[in-house]
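In case you want the letters, here they are:
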Amino acid sequence: MKKLHEMGLTSQMAYMGGLVGIGLSILTWAFRDGGKRESAERLAIFIGLWPPTLIQLGRALADQE
């Protein structure tokens, strides 16, 4: 965490990344193409796995700050 903090990554950036990931997952699911529905749903689930990691990273960075 110290190295990420030294590189300029802040907890706010990680939290925003988590929020963007949630929105991107919902948008990917909502605007899925009719013929490729299953692959779009899998992609939305895959993107939906990122936010918890980014939010936890934000919490760890907040402790570092």
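In what follows, the structure referred to is the one given above.
Values in this document were obtained by computation on a predicted structure and should not be read as measured data.

**Some thoughts on helix α2 (residues 11–30)**
Here is step 1: For α2, spanning 20 residues, the distance from its first C-alpha to its last is 29 Å, which sits close to the expected 28 Å at 1.5 Å a residue.
Here is step 2: Listed in full, the buried residues belonging to α2 are S11, A14, G18, G21, S25 and T28. One side of α2 holds all its buried residues, which, seen down the axis, span an arc of 115°. Exposed positions of α2 whose direction lies more than 90 degrees from the buried face are Q12, L19, V20 and I26.
Here is step 3: Taken together, the buried residues of α2 touch α3 (37–48) and α4 (50–64).

**Details of α3**
Two residues of an α-helix separated by three or four positions point the same way, owing to the 3.6 residues in each turn.
Here is step 1: Spanning 12 residues, α3 covers 16 Å between terminal C-alpha atoms, matching the ideal 16 Å at 1.5 Å per step.
Here is step 2: Of all the residues in α3, the buried ones are A40, A44 and I47. Along α3, the residues classed as buried sweep out an arc of 65° about the axis, all on the same side. The outward face of α3, more than 90 degrees from its buried face, is lined by the exposed residues R42 and I45.
Here is step 3: As for α3, its buried residues are in contact with α2 and α4.

**Brief notes about the packing of α3 against α4**
Here is step 1: Running from N to C, α3 and α4 point in directions that differ by 10°, and their axes come no closer than 5 Å. On the basis of their axis angle, the class for α3 and α4 is roughly parallel. Where α3 approaches α4, its residues F46, I47 and G48 are matched on the opposing element by W50, P51 and P52.
Here is step 2: Classifying every residue of the contact of α3 with α4 gives 5 nonpolar, 1 polar and no charged.

**So, the packing of α2 against α4**
Here is step 1: Closest axis-to-axis distance for the α2/α4 pair is 8 Å, and the angle between their directions is 165°. The orientation of α2 relative to α4 falls into the category roughly antiparallel. Where α2 crosses over α4, the handedness of that crossing is left-handed. Contacts between α2 and α4 involve S11, A14, Y15, G17, G18, G21 and I22 from the first element and P51, L54, I55, L57, G58, R59, L61 and A62 from the second.

**Brief notes about the side chain of S25**
Here is step 1: Looking at where S25 falls in the secondary structure, it is placed in helix α2.
Here is step 2: Overall, S25 belongs to the buried group, its relative accessible area being 13%.
Here is step 3: Excluding anything up to four places from it in sequence, S25 contacts A44, I47 and G48.

About the cut-offs
Residues numbered from 1 in each chain as written. Predicted model: local features only at pLDDT ≥ 70, side-chain atom pairs only at ≥ 80, totals over all residues. Heavy atoms only, no water. Helix = DSSP H or I, 4+ residues; strand = E, 2+ residues; numbered from the N terminus. Expected span 1.5 Å × (residues − 1). Buried < 20%, exposed > 50% of the residue type's maximum accessible area, 1.4 Å probe, protein only. Arc of directions from axis to C-beta. Contact = heavy atoms within 4.5 Å. Axes fitted to C-alpha atoms, helices over the stretch in contact; angles between N-to-C directions. Parallel < 35°, antiparallel > 145°, perpendicular 65-115°, else oblique. Nonpolar A, V, L, I, M, F, W, Y, C, P; charged D, E, K, R; others polar. Left-handed = near helix turned anticlockwise from the far one by under 90°.

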